[in-house]
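Each chain, written out:
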Amino acid sequence: MKIALLGYGRMGKTIEEIAEQRGHEVVLKVSDDIDNHELDGSKIDVAIDFSIPKAAFKNITTCFKHNIPVVSGTTGWLDNYEKARKICKEEDSAFIYASNFSLGVNVFFELNKKLAGMMQGLEDYKVDIEEIHHTQKLDAPSGTAITLAQQIIEENSKLKGWQLDDADEDEIPIYAKREENVPGTHTVTYDSPIDSIEIKHTAKSRQGFALGAVVAAEYLKGKQGIFTMKDVLSELFNN
Ligand SMILES: NC(=O)C1=CN([C@@H]2O[C@H](COP(=O)(O)OP(=O)(O)OC[C@H]3O[C@@H](n4cnc5c(N)ncnc54)[C@H](O)[C@@H]3O)[C@@H](O)[C@H]2O)C=CC1
Ligand SMILES: O=C(O)C1=N[C@H](C(=O)O)C[C@H](O)C1
């Protein structure tokens with residue numbers, strides 16, 4: 001598979017390593033305005049975007065217009081997600097976005113939904129989310145923490161939204177911490193006066209995110225439409 005990397009930072013470099021191990025070829029690396037690069041849809045099978053929040057929408061939709069399917073993991077640009085989906089459909093292109101591509105986090109997402117469903121009637125428990133990332137991270141809270149919050153809100157009609165730090169009674173507080181060299185740690189806690197329940201995912205490196213993104217690109221090649229990591233993992237595990 002011929003891959004264009006949109007963003008060649010920590011994730012771009014890890015993705016290149018894993019893509020090559022899996023027999024793919026990186027044919028283009030973009031680290032600046034995508035308009036400065038020639039995009040030939042006949043020479044690129046899939047673009048993988050791990051760039052920066054303010055570039056992601058333009059990167060993604062420019063690829064759609066050149067008939068190049070896109071896997072995107074960039075966080076902090078989702079105000080424009082619906083617009084990107086619309087352009088993908090108009091251009092008959094293909095798209096997978098995930099706030100977190102790691103297999104472990106996708107299992108954690110399922111666990112989070114299940115636990116939120118079990119906790120929704122238990123009003124003594126207050127839920128919060130903590131995320132810890134490296135100090136270079138541009139956005140807060142993390143995309144993964146936002147996904148976790150949205151999943152909990154979908155299961156609990158009493159919760160109306162999320163908030164960084166100081167939240168109202170009907171909101172989930174998200175605490176975003178920044179520490180040197182932490183690839184990504186997420187904890188969901190339900191706390192009551194008598195006990196607490198905690199689920200936690202700790203990434204030990206960026207390998208899991210990168211592997212998930214390459215597997216998603218393998219899934220997307222030759223397809224048309226909008227997909228999720230759930231589609232990718234269902235195919236992978238035949239369920
Ligand atoms: N969904 C997931 O599984 C994961 C998502 N991420 C997200 O991926 C993004 C990138 O993360 P890192 O690689 O750690 O950041 P990074 O800062 O190491 O890399 C971003 C790169 O984008 C480049 N860039 C700047 N303007 C650009 C443009 N117009 N087009 C293309 N590239 C441009 C920068 O030069 C930089 O090298 C972040 O939004 C992060 O939150 C990170 C890890 C996992
Ligand atoms: O910026 C990062 O590094 C990460 N970003 C993603 C997020 O915002 O959730 C995923 C992962 O936690 C690493």
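All residue numbers refer to positions counted from 1 along the written sequence of the respective chain. As a convention, the first chain written is A and the first ligand written is 1, with the rest following in written order. Thresholds applied to this predicted model are a pLDDT of at least 70 for local features of residues and 80 or more for the giving and counting of side-chain atom pairs; totals over whole chains, interfaces and linings are not thresholded and use all residues. Heavy atoms throughout the structure, all of them, feed into the side-chain values; hydrogens and water do not.

An unreviewed UniProt entry annotates the protein chain as 4-hydroxy-tetrahydrodipicolinate reductase originating from Christiangramia aestuarii. For the record of the protein chain, the UniProt heading Function (unreviewed entry) holds the text "Catalyzes the conversion of 4-hydroxy-tetrahydrodipicolinate (HTPA) to tetrahydrodipicolinate." UniProt positions are given in the numbering used here, feature names are shortened, and annotations may be inferred rather than shown by experiment. UniProt lists a comment for the protein chain under the heading Subcellular location (unreviewed entry), and it reads "Cytoplasm".

In this section: helix α4 (residues 103-119). For helices the rule is a DSSP run of H or I covering at least 4 residues; for strands it is a run of E covering at least 2, with both sets numbered from the N terminus onward. Expected helix span is taken as 1.5 Å per residue step, with the number of steps being one fewer than the number of residues. Its 17 residues place the ends of α4 24 Å apart at the C-alpha level, agreeing with the 24 Å of an ideal helix rising 1.5 Å per residue. Listed in full, the buried residues belonging to α4 are V105, N106, F108, F109, N112, L115, A116 and M119. On its buried face, α4 is in contact with α5 (143-155), β9 (185-191), β10 (196-202) and α7 (229-237). Each residue is assigned to one of three classes by its accessible area relative to the maximum for its type, calculated with a 1.4 Å probe on protein chains only: buried under 20%, partly exposed between the two thresholds, exposed over 50%. We call two residues contacting when some pair of their heavy atoms lies within 4.5 Å.

Attention shifts here to the site of ligand 1. Nearness of a residue to a molecule or strand requires only that one of the residue's heavy atoms be within 4 Å of it. Residues in contact with ligand 1 amount to 24 residues; listed here are only the nearest, R10, M11, T75, F101 and K137. Residue M11 places a main-chain N or O atom 2.8 Å away from an oxygen atom belonging to ligand 1. Look at ligand 1: alone it shows 860 Å² of surface, and the protein chains cover 81% of it. Counting only elements with at least two residues in the shell around ligand 1, the list comes to α1 (10-21) and α2 (53-65). Residues are grouped as follows: nonpolar covers Ala, Val, Leu, Ile, Met, Phe, Trp, Tyr, Cys and Pro; charged covers Asp, Glu, Lys and Arg; every other residue, Gly included, is treated as polar. A per-class count over the shell around ligand 1 returns nine nonpolar, ten polar and five charged. Throughout this description, a polar contact denotes any pair of N or O atoms lying within 3.5 Å of each other; where both atoms belong to protein, one of them has to be capable of donating a hydrogen while the other can accept it, and for residues adjacent in sequence the pair is counted only when both atoms sit in side chains. Computed with a 1.4 Å probe, the accessible areas rest on the Shrake-Rupley method; for each residue, only the protein chains presented here act as cover.

It is worth spelling out the pattern of salt bridges at this point. Whenever Lys or Arg places a side-chain nitrogen within 4 Å of a carboxyl oxygen from Asp or Glu, that contact is recorded as a salt bridge. The full count for this structure, using the stated rule, is 16 salt bridges. A salt bridge links K113 to E110; the shortest N-O distance between them is 3.3 Å. Linking K113 with E110, this pair stays in helix α4, spanning three residues, or about one helical turn. With a relative accessible area of 35%, E110 lands in the partly exposed category. K137 is the salt-bridge partner of D139, the closest N and O atoms lying 2.9 Å from each other. When sorted by exposure, D139 lands in the same class as K137, which is buried.

One requirement defines pairing of two strands: DSSP has to find at least two bridges between them. Strand order in this open sheet of six strands is β2-β1-β3-β4-β5-β11, and the pairing throughout is parallel. With one partner strand each, in any of the chains shown, β2 (25-30) and β11 (225-227) form the two edges of the open sheet. Averaged over neighbouring strand pairs, the angle between their axes works out to 20 degrees when direction is ignored. Across four bridges, strand β1 (residues 2-6) lies against strand β3 (residues 46-49) in parallel orientation. Note that in β3 the partner of L5 across the bridge is I48. Where helices are involved, their axes are fitted lines through C-alpha atoms of the stretch in contact, as for all axes, and angles between N-to-C directions lie from 0 to 180°.

On to the site of ligand 2. Taken together, T75, S99, N100, H133, H134, K137, S142, G143, T144, P183, H186 and F209 are the residues near ligand 2. Here an oxygen atom of ligand 2 and a side-chain polar atom of H134 are 2.8 Å apart. G143 is positioned with one of its backbone polar atoms (N or O) 2.9 Å from an oxygen atom of ligand 2. Burial of ligand 2 by the protein chains amounts to 86% of its free accessible area of 320 Å². Grid spacing is 1 Å over the protein atoms alone, the probe is 1.4 Å, and a cavity is where that probe fits but cannot get out, while a pocket is an open set with protein on both sides within 12 Å along at least five of seven lines and lining residues have an atom within 4 Å of a point. Pocket or cavity membership: a molecule qualifies when more than half of its atoms sit within 2 Å of the grid points of that site. Assessed atom by atom at 2 Å from the grid points, ligand 2 resides in the second largest pocket. Both domains that furnish three or more residues to the shell around ligand 2 are identified here as domain 1 (2-101 + 207-238) and domain 2 (103-202). Marked domain ranges trace back to an automatic or database domain assignment.

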